[in-house]
Every structure is written in structure tokens, then in C-alpha cells.
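# A look at the structure
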Amino acid sequence: MHRDLTDDQLVELVVQGGEVRDAGAYKELVARYEEKVMANCRYLSGSTMDAEDLAQEVFVKAYFGLKSFEGRSQFGTWLRRVKTNHCLNFVKRRKQAHVSVDDVAPSASDALVVEARGDRNAEWGDERRRIDAALEEMTETLRVPLVLRDMDEFSYQEIADQLGVGLSAVKMRIKRGREEFRKIYEDLDAA
Amino acid sequence: MADQEYTSGTNSADDDLGAPVAQLLDHTVPVAPEFRARVGRSIERRVLAADATLFGLLAPLETLVELLRAIFEGLGLIDADDPSSAPSSEGDTV
């Protein structure tokens, strides 16, 4: 039944009389957006291990935030903002909590990331795998603006505001990000 | 550096920045089969925690109100049959 409803209708069911109610309707919303949210969480955080926790937190936050969702934009657009803010805040907190390089064994943490990536990629097609591999090889400085622009379709000014950098810096990073992604992607194809 | 060439850009002025990476627009990452159930459980836990907190705050208050009501009723300051009656402030005798 819920599958035939639009996002707006589902939101209406979930938030009735100002209270958050219909859990089944919300499950349908989660089903529609979970893979997209997961992609963003993965590539904005740069962490496969944290991506699922972040995605889960995004949907929980969205559920309780629906009371204040006024319907001025589409649910997907609103969710996109919730997701982006949550992931970027996570990245910011992680940077602030960064420990000394001497305290971390880079080889051990890299090995964990590679292992997780291998398990996940076993389920994908070639195309998805290449896109994933290309994005994961990029630096955060170039990957994040690229994802915000070409995956989420935020405007340049919105990206600049979210990242706290100037407009020209954002555009330059996106330009370089696109070039780098294409180079890595083509190299993977040739490999 | 090359700041000046970007100052007049609009969302449609992608030409100078290279074409958008089309593959990214619809790119998704599959989730674990139990993901939706985990989201549901997180929501339920939060609702339960909120309800328990509210109960923890309200229960002592309601207990205090009932205790005061019993005292005032015992002193005859309020009518036991009228729950909305307030204690008299004029010092009426019983």
C-alpha cells in the first residue's frame, strides 16, 4: 500500500497532527532513499566503516525532524540537507579529534578499510565498483565538493557555505575533482 | 591564482569547470539487509528513552500535587469532592 504513495503522502502519514506516527510509511521512505544516503555517507566521510552508522543516524534524525518539515521543498531535497549536514559535522568532529600521526598505525587502518571494501564490492557490478574505487582514491579536499556538486546537485554557493570556503575555491576544487576522478576512472578501466 | 575567471559563474556555467561526472548522479551504495530494521530499533529506543524521561520528570511532580491535595483536604481547606477547588487564601474557618 505504501509503495503506491508519493513521498509527500508518506510524510503526511508519518506526521499526523504534529506527532510522528506511521512507522510503516517511514520504512517505505527509508527504502526509497537508503542507498542514496548510504552513498553520500560513504563518500563524504571517506569511511566505509562509519558510513552505515552515519546513514542510520541520518534517518533517525530525519524521523524526529519531520515534525518541523514544512513541505516547502520535496522530502528528498530536505533529506539531502539533513544527510549532508550530518556527514559534514561528523567530518569536522573527526578532524578536531585527530590524534597525532605517531599514535596511529596507518598500515593497520588501511588494511581494515581495504578488507571492508572488498566485502562490499563483491555485491556490485563493474561500473559501481569502478566509481566506488575512483572516489575512494581521491583526497577528501577534492572528493567532497565533487560529491556535493555532481551527486547531490548543490549549487556552488551552497557548497561554499557548507564547507566554509570561498566560491572560487569551491569551483577550482570541483574542476580538479572532475579531472582527477576521470583520470582515476579511466586508469581503472585500462587496468 | 585563477579566481577572476570564476567570480561570475552560475550553476549552469559548468563549461569552464569541465562537464559534470554523469556517473555520480545516480550512483548508489547498497545497504545491509538488516539496515531498515536497525533504523526502526534506533527510533523505538529513542522514543522509549524520551517517554521514560518524561515519566521520570512528571511522576514526582504529580506525587507532590496529590500529597498537597491530601493535606489540604485533611485540613478542610478544600472540598474533597471538588478536584478543582484551590486552597483558600482568606483564612476561612472550617
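Structure first, text after, so check above.
For the structure given in this document, a descriptive report is provided here.

Conventions we followed
- Residues numbered from 1 in each chain as written.
- Chains lettered and ligands numbered in written order.
- Predicted model: local features only at pLDDT ≥ 70, side-chain atom pairs only at ≥ 80, totals over all residues.
- Heavy atoms only, no water.
- Contact = heavy atoms within 4.5 Å.
- Buried area = accessible area lost by both parts, 1.4 Å probe.
- Salt bridge = Lys/Arg side-chain N within 4 Å of Asp/Glu carboxyl O.
- Helix = DSSP H or I, 4+ residues; strand = E, 2+ residues; numbered from the N terminus.
- Nonpolar A, V, L, I, M, F, W, Y, C, P; charged D, E, K, R; others polar.
- Axes fitted to C-alpha atoms, helices over the stretch in contact; angles between N-to-C directions.
- Parallel < 35°, antiparallel > 145°, perpendicular 65-115°, else oblique.
- Left-handed = near helix turned anticlockwise from the far one by under 90°.
- Buried < 20%, exposed > 50% of the residue type's maximum accessible area, 1.4 Å probe, protein only.
- Core = buried A, V, L, I, M, F, W, Y, C linked by side-chain atoms within 4.5 Å.
- Expected span 1.5 Å × (residues − 1).
- Phe/Tyr/Trp six-rings, centres within 6.5 Å; stacked < 30°, edge-to-face > 60°.
- Lys NZ or Arg CZ within 6 Å of the ring centre and 35° of its normal.

### Things to note about the interface of chain A and chain B
- Of the residues lining the interface, 42 residues belong to chain A; the matching set on chain B comes to 32 residues.
- When chain A packs against chain B, the two sides together hide about 3700 Å² of surface, and 62% of this comes from carbon and sulfur.
- The salt bridge involving Glu52(A) is made with Arg38(B); its shortest N-O contact spans 2.5 Å.
- Mapped by element, the contributors of at least two residues to the side of chain A that touches chain B are helix 2 (23-45), helix 3 (48-65), helix 6 (126-137), helix 7 (140-151) and helix 9 (167-190) of chain A.
- Per element, the largest residue contribution to the side of chain A that touches chain B is 11 residues, and it comes from helix 2 of chain A.
- Broken down by class, the residue content of the side of chain A that touches chain B amounts to 20 nonpolar, three polar and 19 charged.

### Describing the packing of helix 8 (residues 156-163) of chain A against helix 9 of chain A
Residues and elements named next belong to chain A.
- Look at helix 8 against helix 9: their axes get within 9 Å of each other, and the N-to-C directions meet at 105 degrees. It follows from the interaxial angle that helix 8 and helix 9 lie roughly perpendicular. Contact with helix 8, carried on its side by Tyr156, Gln157, Ile159 and Ala160, involves Leu167, Val170, Lys171, Ile174 and Arg178 of helix 9 and no other residues of that element.
- A class-by-class count of the residues in the contact of helix 8 with helix 9 yields six nonpolar, one polar and two charged.

### Examining the packing of helix 3 of chain A against helix 4 (residues 75-96) of chain A
All names here are of chain A.
- Packing of helix 3 against helix 4 leaves a shortest axis separation of 10 Å and a crossing angle of 130 degrees. The angle between helix 3 and helix 4 places the two elements in the oblique class. Between helix 3 and helix 4 the crossing geometry is right-handed. Residues Asp50, Leu54, Glu57, Val58, Phe59, Lys61, Ala62 and Gly65 of helix 3 form the contact with helix 4, whose participating residues are Trp78, Leu79, Val82, Lys83, His86, Phe90 and Arg94.
- Counted by class, the contact of helix 3 with helix 4 contains eight nonpolar, two polar and five charged residues.

### A word on the side chain of Asp7(A)
- In this structure, Asp7(A) sits in helix 1 (residues 7-14).
- Filtering out sequence-adjacent residues up to four positions away, Asp7(A) remains in contact with Leu29(A), Arg32(A), Tyr33(A) and Phe75(A).

### Considering the pattern of salt bridges
Residue and element names in this part refer to chain A.
- Summed over all chains, the structure comprises 17 salt bridges over all chains.
- The partner of Lys175 in a salt bridge is Glu179, and the shortest N-O contact between them spans 3.1 Å. A residue pair is termed a helical-turn pair when its members lie 3 or 4 positions apart in one helix, as Lys175 and Glu179 do in helix 9 at four residues.
- Overall, the relative accessible area of 25% leaves Lys175 in the partly exposed class.

### Considerations on the nonpolar core
- Ranked by size, the top nonpolar core spans 60 residues in total, and within it Tyr26(A), Phe59(A), Leu66(A), Phe75(A), Leu135(A) and Phe181(A) carry the most contacts.
- The element best represented in this core is helix 2 of chain A, accounting for 11 residues.
- Apart from the residues within four sequence positions on either side, Phe181(A) is in contact with Ile131(A), Ala134(A), Leu135(A), Met138(A), Leu146(A), Val21(B) and Leu24(B).

### Some details on helix 3 of chain A
- Here helix 3 of chain A is 18 residues long and its end C-alpha atoms lie 26 Å apart, about the 26 Å a rise of 1.5 Å per residue gives.
- The complete set of buried residues in helix 3 of chain A reads Thr48(A), Ala51(A), Glu52(A), Leu54(A), Ala55(A), Gln56(A), Val58(A), Phe59(A), Val60(A), Ala62(A), Tyr63(A) and Gly65(A).

### A word on the packing of aromatic side chains
All names here are of chain A.
- Overall, the coordinates contain six aromatic pairs over all chains when judged by the stated rule.
- Measuring from ring centre to ring centre gives 5.5 Å for Tyr33 and Phe75, while their planes differ by 65 degrees; the resulting arrangement is edge-to-face. Placement of Tyr33 in helix 2 and of Phe75 in helix 4 is noted, with a sequence separation of 42 residues between them. A single burial state applies to Tyr33 and to Phe75, both of which are buried.
- Arranged with centres 5.6 Å apart and planes meeting at 20 degrees, the rings of Phe181 and Tyr185 form a pair that is stacked. Of the two residues, Phe181 and Tyr185 both sit in helix 9, four residues apart, roughly one turn of that helix. Residues Phe181 and Tyr185 agree in their burial class; the two are buried.
- Through a chain of ring-to-ring contacts, three or more aromatic side chains come together here, namely Tyr26, Tyr63 and Phe64.
- Above the ring of Phe154, the side-chain terminus of Arg80 is found at 4.1 Å from the ring centroid.
- The cationic tip of Arg149 hangs over the ring face of Tyr156; the distance from NZ or CZ to the ring centre is 4.3 Å.

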